[in-house]
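Next come the chains, spelled out residue by residue.
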Amino acid sequence: MIELRTLGELDAMRAAGAVVADMLAAVRAAAAPGVRLTRLDSVARDVLADAGATSPFLGYAPLATTPPFPGVVCLSVNDVALHGIPTPDVLEDGDLLSVDAGAVLDGWVGDAAITFPVGTPRPEDLALVATAERALEAGIAAAVVGNRVGDISAAIGAVGRAGGCGINTDQGGHGVGRTMHEAPHVPNEGRAGRGLPLRAGLVIAIEPWFLAGGSDDYRVDADGWTLRSADGSRAAHVEHTVAVTDDGPRILTARGEV
């Protein structure tokens with residue numbers, strides 16, 4: 001069932017989204033060559049604790065066969081596209097790091113992600129991240145009353161394909177509310193004019209994740225979580241929780257007042 005949120009509920013979700021924005025900013029500030037991924041998870045935990053919030057990621061197990069996720073953030077390095085576990089591995093100069101964070105505050109969820117280079121950036125990584133960020137902007141711009149989910153998907157996919165990226169629709173955007181994953185599914189590629197009509201009060205996570213090598217294929221590690229590009233190319237993942245309103249898209253996980 002798809003639920004539409006009131007203006008007051010959107011304000012409450014914005015408060016949860018602000019915690020997510022703070023988590024991402026803190027992790028980005030702490031990320032540097034020589035830093036362990038477990039340290040970054042600890043930084044994110046401190047932000048949650050200071051805000052009186054909890055994590056929708058920690059202990060999450062969508063399937064009976066999936067081990068509970070052990071961190072409060074997903075930390076995906078280089079060819080890891082999604083769901084990277086905060087291990088004791090150390091970041092190296094030139095790594096590409098994606099950080100996916102979530103927070104639950106007063107029963108409402110926020111969910112967002114960023115990707116950035118650690119230390120010395122590679123030009124090709126900057127181009128990949130820029131493509132993903134443009135796709136996110138295009139997807140958000142399409143999240144307006146009167147459009148359909150397919151319009152968001154088509155906007156994202158057009159930017160990704162023009163950038164030569166691989167795009168897989170097995171994982172993608174989703175509804176957000178009282179839980180982290182709600183209907184509808186928002187693929188990162190699709191046909192404009194198709195899918196669920198967008199109505200005011202719908203809240204969705206829009207999250208392009210692109211594979212630099214151009215192939216759409218991925219593989220999952222034995223840990224049941226870590227999702228890697230099949231060809232070993234690097235990946236980027238960016239995300240915002242966005243509300244469809246009569247006044248246009250409202251980003252609930254941006255820094256500052258929105």
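Each chain carries its own residue numbering, running from 1 in the written order of its sequence. Predicted model: local features are reported for residues with pLDDT of at least 70 only, side-chain atom pairs are reported and counted for 80 or more only, and whole-chain, interface and lining totals are derived from all residues. Each side-chain value is worked out from all heavy atoms of the structure, with water and hydrogens disregarded.

As recorded by an unreviewed UniProt entry, the chain carries the name Methionine aminopeptidase and is attributed to Blastococcus colisei. In the Subunit (unreviewed entry) part of its UniProt record, the chain is described as follows: "Monomer." UniProt positions are given in the numbering used here, feature names are shortened, and annotations may be inferred rather than shown by experiment.

(A) Broad picture of the pairing of strand β4 (residues 108–117). The buried count for β4 comes to 9 of 10 residues, which makes it a mostly enclosed element. Strands are treated as partners if at least two bridges between them are detected by DSSP. By definition, any uninterrupted DSSP run of H or I lasting at least four residues is a helix, any uninterrupted run of E lasting at least two residues is a strand, and each is numbered from the N terminus. When strand β3 (residues 96–105) meets β4, the two strands line up antiparallel, connected through 10 bridges. Residue pairing in the sheet places Leu105 in a bridge with Trp108 of β4. Counted between consecutive antiparallel strands, the loop separating β3 from β4 contains 2 residues, among which Asp106 sits at a positive phi close to 55 degrees. Partly exposed describes any residue whose relative accessible area lies between the buried limit of under 20% and the exposed limit of over 50%, with all areas from a 1.4 Å probe on protein chains only and scaled to the type maximum.

(B) Quick look at the side chain of Asp79. Structurally, Asp79 is set in the loop between β1 (73–77) and β2 (80–82). For Asp79, a relative accessible area of 15% gives the class buried.

(C) View of the UniProt feature "binding site: substrate" (unreviewed entry) in the chain. Residues annotated by UniProt as "binding site: substrate" (unreviewed entry) correspond here to His83 and His181. Taken together, the annotated residues stretch across 99 residues yet fold into one region, lying no more than 14.3 Å apart by C-alpha. With respect to the helices and strands, His83 occurs in the loop between β2 and β3. Any pair of residues with heavy atoms lying within 4.5 Å of one another is described as a contacting pair. In this structure His83 touches Phe69, Cys74, Ser76, Gln171, Trp225 and Thr226, once residues within four positions along its chain are discounted. Its place among the elements puts His181 in the loop between β6 (173–175) and β7 (182–186). The contacts of His181, once residues within four sequence positions are left out, are Tyr60, His174 and Gly175. Any pair of nitrogen or oxygen atoms within 3.5 Å is treated as a polar contact; in protein, a donor-acceptor pairing is required on top of that, and neighbouring residues in sequence qualify only through side-chain atoms on both sides. A polar contact of 3.0 Å, which involves the side chain of His181, links it to the side chain of Tyr60.

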